[in-house]
Structures are given as C-alpha cells and as structure tokens.
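Residue strings, one per chain:
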Amino acid sequence: MKYDIDKLKNNGVFCILPWMSAYVNTDSTVWSCCVNKAMTDGDVRAKMKEENSDWVADKSIISNDLENIINDNHFKQLRLDMLNGVENQNCFDCINLEKNTGHSYRKDFNFDFEDELYRVQHTQEDGTIKDFDVIYLDFRFSNVCNFKCRSCRPEWSSTWAKEARDNDRHPYTEWDGYIPRYNLTQEEFISKFEGSLSKVKKIYFAGGEPLAAREHYWILDYLIKNNNTDVLIDYNTNLSMLKNPKLKLSVVDYWERFENISLRVSIDGMGEKAEYIRKGTDWQVIEDNFKYVRQRLPNVNIGVSSVFQLFNAIHLADFYQDWIDKKIITEKAIENIFVIPLTGPIHLSSQVLPNEVKDLVVKRWDEFKNKNKSLLAKSEHNSFMSSITRSIQHMKSEELYETHKREFEKFTWYLDKIRRESFSEIFPELKKYYEC
C-alpha cells in the first residue's frame, strides 16, 4: 500500500520514530521513544504483564535481536495506529502536550527526520518492517547516575534507586527496586549494536548519567575505531564529571575526536536552588565545567535543557539572566537552549502552582524578554523563546493547585526529611502556598 506522506504528517498522531529509531531504556528494553507510557505508567505496564508475563525479557536487547523487538506486537500496533490516525495509549504524553501547547516531540522528530519519511512505504499489512535501519539511536541502557533529581525516578537514577530501597514509605514504593546490570564484556556489548552503529546518523545519550556509564564510552570507542566520527552525537548530561574517576576516563579526550557534538546540560536553576532540585549538584563545578567546554572545545555546541516545573517556574529566568550577564551563555549557546514543561510526576507540574503565582511567573518571563530584546531578536533564537512560551501555555492549561497540592506537600515533606533539606528555606516565595 502506498501512503500519502503529507496526510500522515497532518493526521495528529503520526511520528516517524517507530520506522527508524530505537530507544534503549535503562533496563535494556527497546521502545520507540523516551516518553512511551509503557515505561512509566503502572497501569499500562500491568496490562502488558497480564498479556505476557515475560514481556520485559521479550523486549530486552540482551535476550533478543533488535529486528525481532522492533517487529513485536507493541511496535506493529503502534505503527498501524499511526498510519490510521488512531491515538495509541503509549503516545498520550505527546498527544496531551500538543493539545495544551500546539507542539510536541513527534512534530520535532517529523521535522528533523523529514528525509526518512519515505520509510513508511516499507510497512507491511501487519505493521512489520523488514530490513529495519536504526537512523536515530536514543541510548540509556543504564540507570547509573550520581544525581537524584526531584523530577526523576529510580528507574533512571541508581542513587534514587538506593534511596528507595533504604527508606520505608518511600514515594516510589511501587518500584520493585531492581535494575539489571549486565556483566557484558565490551566485545559482547558492541556485538548487540554493531549493525545499528554502521548506519546510524544521530545518537542521543541520556540516562542515568551518560558520562558515568561505561557503555557510553564503549560506543564512542567503536565509532572512533571505525572512522565514524562524523555522526552527530547529542547529549543530555548533568556535566558534573568531565573526568570519570571510577572508569579513569576523560570524556574530553573522546569529544576531541568527533566533528559534531551537541550538549544540553540539565540545569533547572542556579546555586542552592539547583542543588535542591537536582540533588548531587555542586553548583560551582557545573558552572566551571560549562565554561571549560565552551572555551576549549570548538567542535562542541553546548547549551542548556531545563525542566519547567513547580519548583523553578518562578525563578528559572533568574538563572538564564545570570549566565547571560556573566557571558557564560553566548549567542551561540542560546540557539541550543530548550525549556521543557514537566508532564510527570503530575504533582511537580507547574500546573500545581496557584493562579497568583502563575501570573508572577508570566511577569518574570516578560521582564526577561524585555531586558534581552536585542539578544533574542534573531530568528535562530526563536526555539528558545518558543519553548518558554509553550511551557507557560502548559502551566496555564490546567488548574491543579487544589487537587494536587496535598500530594506535592507529602512528596516534598518526605524527601526533605530523608535528605535533610528544606523546601521553605530554599523557596521562601512559595512557602505560604504549601505546608512542607
């Protein structure tokens, strides 16, 4: 069957990823993307377990070939739903984000990989794809991480996992406390991805913390040895370890060998606010490392990725202003900044702010835009400002203060207690709205 690409792009649900991408999760399972609801929604996971008790093993790159996984029932149904304009339950994050803001990750991927849209024509009647090529590899594989960010979970942070195991009545009691770490040799690991790495055009490393994971360095080793250093390497990293003391490696030694590295450093605020939101942060280290990369590595396009949430909506602009004033964020860096509205856990969403605070958030960002009017006027900076606009739209799209305030208070009070921190001291401007 021949598909009309233009109609697909405008059907509201189509995304190119299931035809040319593999997302490798921290438990080694393979999915279409990082916001697939089956990875984070307990009800969806329970249903999959009910239908197939071995579904985790069946989707694991350790026990299966990639081609078998991307043609399992999950992937085939996902592709068929997208081709037929059907909202698949695993895509609800993108669907809801698009309804609230007019934008979504799927729109970005369809734009970025427009040259790959022809691949839908290879789809068989049951949704199968033969001779699947991994053009975009979204690689996590390990939850090893030295941070435990408030908006994260044990599945994506080993320090979160340890905390969840070691404390009674932890907020993530439903988590089973286990993320496998496979004792693969470098050769065994590479053999799982060798075919993909020969054709891949873009690799996205996140985590966990990619700079803490040995497998990340193994992939870079392979690309260097096979003269594939022109592949685009993209990162989300906390940038806390340019040198990995455990592995005795310097990531700078690797980055110097590649033509095109893009870093988005995960920063949700500055100073003590940054250290509270992303536990494990040493703010001075992050600032120094950012300046080092920008000044010493011309092949690295370094920017920032911020999660717009209850904690930082009111002061995130202060961080950006501080770094603009210090000339840490330059015109080039602004082109690689993206602000992402937090969609889960819902009790940390900016939608849980009271309306008077939301009004103040809007005022703060308006002041930021006016102060930096000349710097932000260039069209290439529109993606940064557009991401802020979408985050504010998302914040204002629902009023969840009354319905989720208590859940936020319980979550924050518990973490403050076991981490010996104080929300009200770090965020005095929010103290009167939340009892924690």
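Structure's up top.
Since the model is a prediction, treat every value here as computed from it, not as a measurement. (Residues numbered from 1 in each chain as written. Predicted model: local features only at pLDDT ≥ 70, side-chain atom pairs only at ≥ 80, totals over all residues. Heavy atoms only, no water.)

Bringing the environment of Trp365 into the picture now. By the element assignment, Trp365 lies in helix α17 (residues 355-371). We classify Trp365 as buried; its relative accessible area is 0%. Along the sequence, Trp365 and Lys326 sit 39 residues apart, while their C-alpha atoms lie 19 Å from each other. Excluding its chain neighbours within four sequence positions, the residues that come into contact with Trp365 are Phe308, Ala313, Leu316, Ala317, Tyr320, Ile388 and Ile392. (Helix = DSSP H or I, 4+ residues; strand = E, 2+ residues; numbered from the N terminus. Buried < 20%, exposed > 50% of the residue type's maximum accessible area, 1.4 Å probe, protein only. Contact = heavy atoms within 4.5 Å.)

With that out of the way, let us pick up the pattern of salt bridges. A side chain with one charge may pair with a side chain of the opposite charge, provided their charged atoms come close. The full count for this structure, using the stated rule, is 27 salt bridges. If you follow the salt bridges from partner to partner, you end up with Glu116, Arg119, Asp133, Lys199 and Lys201 in one network. (Salt bridge = Lys/Arg side-chain N within 4 Å of Asp/Glu carboxyl O.)

The next point concerns the packing of helix α14 (residues 283-296) against helix α15 (residues 316-325). One way to put it is that α14 packs onto α15 with a least axis distance of 13 Å and a crossing angle of 50°. Considering their axes alone, α14 and α15 lie oblique with respect to each other. At the point where α14 passes α15, the crossing takes the right-handed sense. In contact with Trp283, Glu287 and Phe290 of α14, α15 contributes Phe319, Asp322 and Trp323. (Axes fitted to C-alpha atoms, helices over the stretch in contact; angles between N-to-C directions. Parallel < 35°, antiparallel > 145°, perpendicular 65-115°, else oblique. Left-handed = near helix turned anticlockwise from the far one by under 90°.)

With that settled, the discussion passes to the side chain of Lys202. Inspection of the secondary structure puts Lys202 in strand β5 (residues 202-205). For Lys202, the side chain forms a polar contact with the side chain of Asp234, separated by 3.4 Å. Among all residues touching Lys202, those that are not within four sequence positions of it are Phe113, Ile135, Tyr136, Leu137, Val231, Leu232 and Asp234. (Polar contact = N/O pair within 3.5 Å; in protein donor to acceptor, adjacent residues only side chain to side chain.)

Turning our attention to the side chain of Asp27. Counting through the fold element by element, Asp27 comes out in the loop between β1 (21-24) and β2 (30-31). A distance of 2.5 Å separates the side chain of Asp27 from the side chain of Thr29, its partner in a polar contact.

The next thing to look at is the environment of Thr128. Within the fold, Thr128 resides in the loop between α8 (105-112) and β3 (136-139). For the pair Thr128 and Asn68, spaced 60 residues apart in the sequence, the C-alpha separation amounts to 9.9 Å. Leaving out residues up to four positions away in the same chain, Thr128 has contacts with Asn71, Lys76, Arg79, His122 and Thr123. One polar contact links Thr128 to Asp126, side chain to side chain, over a distance of 2.8 Å.

Next up on the list: the nonpolar core. Counting residues in hydrophobic clusters, the biggest one holds 132 residues, and the most contacted among them are Ile203, Ile233, Trp255, Tyr320, Trp365 and Phe384. No other element matches helix α11 (residues 214-225), which puts seven residues into this core. Each residue touching Phe384, except ones within four places of it in the same chain, is listed here: Tyr320, Ile334, Ile337, Val339, Phe368 and Leu376. (Core = buried A, V, L, I, M, F, W, Y, C linked by side-chain atoms within 4.5 Å.)

With that out of the way, let us pick up the pairing of strand β9 (residues 261-266). Burial analysis of β9 places five of its six residues in the buried class, the great majority of the element. The pairing of strand β6 (residues 232-237) with β9 spans five bridges and is parallel. Opposite Asn236, over in β9, you have Arg264 as the bridge partner. Note: β9 against strand β11 (residues 300-308), six bridges, orientation parallel. (Pairing = 2+ DSSP bridges.)

In this section: the sheet that holds β3. Ordered by their spatial adjacency, eight strands build an open sheet running β2-β1-β3-β5-β6-β9-β11-β12, and the pairing between neighbours is mixed. Every other strand in the sheet has two partners, leaving β2 and β12 (337-341) as the edge strands with one partner each. Most of the contacts of α11 go to β5, to which it runs at about 160°, and overall it touches β3, β5 and β6.

With their axes 11 Å apart at the nearest point, α17 and helix α19 (residues 382-397) run at an angle of 170° to one another. When the interaxial angle is binned, α17 and α19 end up roughly antiparallel. Contacts between α17 and α19 involve Lys358, Val361, Val362, Trp365, Phe368 and Lys369 from the former and Phe384, Met385, Ile388, Thr389, Ile392, Met395 and Lys396 from the latter. By residue class, the composition of the contact of α17 with α19 is nine nonpolar, one polar and three charged. (Nonpolar A, V, L, I, M, F, W, Y, C, P; charged D, E, K, R; others polar.)

For the rest of this paragraph, the subject is the packing of aromatic side chains. Centre-to-centre distance and the angle between the planes together describe a pair of aromatic rings. For the structure on display, the rule yields 36 aromatic pairs. With centroids separated by 5.4 Å and ring planes inclined at 80°, the aromatic side chains of Trp365 and Phe368 adopt a geometry described as edge-to-face. With Trp365 and Phe368 both in helix α17 and three residues apart, this pair spans about one turn of that helix. For the pair Trp365 and Phe368, a shared accessibility class is recorded, and that class is buried. Ring geometry for Phe408 and Tyr434: centres 4.9 Å apart, planes at 65°, overall edge-to-face. Note that Phe408 is positioned in helix α20 (residues 401-419) and Tyr434 in the segment after α21 (423-426), a separation of 26 residues in sequence. Here the aromatic residues Phe139, Phe141, Phe189, Phe193, Phe205, Trp218, Tyr235 and Trp255 are joined through ring pairs into a cluster of three or more. Geometry around Trp160 places Arg419 over its ring, the cationic atom sitting 4.8 Å from the centre. (Phe/Tyr/Trp six-rings, centres within 6.5 Å; stacked < 30°, edge-to-face > 60°. Lys NZ or Arg CZ within 6 Å of the ring centre and 35° of its normal.)

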